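Below, each chain spelled out in residue letters.
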Amino acid sequence: METVIAFMEEISPHQLEELLSVSESLFGLNYHDVHYFKITKNELIITACFDHKLIGFLKIILEKDNRVKIDCIGVSKKFQRKGIASSLLHHYFQNHHCTNHIYALAWKTSNGIHAQKLFKKFKMKAVKNLGLIWKSKCNVDFQCPYKLSTCNCEAILFKRDSI
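Position of C49 among the secondary structure elements: in strand 2 (residues 43–50). Taking the C-alpha atoms as reference points, C49 and T3, separated by 46 residues in sequence, lie 5.5 Å from one another. Not counting residues within four places of it along the chain, the set of residues in contact with C49 comprises E2, T3, V4, L54 and I55.

Here it is in structure tokens:
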């Protein structure tokens, strides 16, 4: 069976449950809520499904100044390191991308920079360490799976200015 990558025009209640489940397993309880997955004219959600089950997602935000933010990419742990995240980004670049300015933030924990290899594969470069920008929300707004005695997740800014 193969993985199906699709742009979401509408999200059913069942799909919303699956999106929230993937998010919670990766980013912690309440990191994303139902409103996060609401589709608007400036926000795209692309999903990956395997055997009719949602296993990953990519959220893109189209900003006013012709910039694009990769807001979040998540793949269920069981399906990681199988090219799913690359397929999600590839689908976006092949079918929706129409600007040269794209950026993303990646978590840097004691395990390294999450998504670094993925972003480099799509010609994005780490340009700045933004520090502990999530510290005030960590274990307040959401339950961080990486928090030790204190917040230790740094944000690394990745950018790509030309195709």
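The backbone phi angle of H52 is positive, close to 65°, even though this residue is not glycine. Position of H52 among the secondary structure elements: in the loop between strand 2 and strand 3 (53–62). Taking relative accessible area as the criterion, H52 reaches 75% and is therefore assigned exposed.

Moving on: the nonpolar core. Counting residues in each nonpolar core, the largest one holds 26 residues, and the members touching the most others are L58, I70, L88, L89 and Y92. Put simply, the parts of the chain that give this core at least two residues each are strand 2, strand 3, strand 4 (67–75), helix 2 (84–95), strand 5 (101–109), helix 3 (116–121) and strand 8 (154–160). Looking at this core, the element that brings in the most residues is helix 2, giving six residues. Not counting chain neighbours up to four residues away, the residues in contact with I70 comprise L58, K59, I60, L89, I102, Y103, A104, F119 and M124. Among the nonpolar cores identified, the runner-up in size contains eleven residues, and M8, V22, L54 and F57 belong to it.

This part is about the pairing of strand 2. Sheet analysis places strand 1 (residues 4–7) next to strand 2, joined by four bridges and oriented antiparallel. Following the sheet pairing, A6 is matched in strand 2 by T47. The pairing of strand 2 with strand 3 spans eight bridges and is antiparallel. The partner of C49 across the bridge, within strand 3, is L54. As consecutive antiparallel partners, strand 2 and strand 3 are separated by two residues, and within that stretch D51 has a phi angle of approximately 55°, a positive value.

What counts, and where the lines are drawn
Counting restarts for each chain: residues are numbered from 1 in the order of the written sequence. The model is predicted, so local features are restricted to residues of pLDDT at least 70 and side-chain atom pairs to those at 80 or more, both for listing and for counting; the totals for chains, interfaces and linings are taken over all residues. Hydrogens and water molecules were not included; the side-chain quantities draw on all heavy atoms of the structure. Each helix is a run of H or I in the DSSP string that is no shorter than four residues. Each strand is a run of E no shorter than two, and both are numbered from the N terminus. In this analysis, two residues are considered to be in contact whenever any of their non-hydrogen atoms come within 4.5 Å of each other. With a 1.4 Å probe rolled over the protein chains alone, any residue whose accessible area is under 20% of its type maximum counts as buried; one over 50% counts as exposed, and the rest are partly exposed. Only buried residues count toward a nonpolar core, which is a set of Ala, Val, Leu, Ile, Met, Phe, Trp, Tyr and Cys residues joined through side-chain atoms within 4.5 Å. Strands are labelled as partners when DSSP assigns at least two bridges between them.

These values are about where atoms sit, not about what they do.
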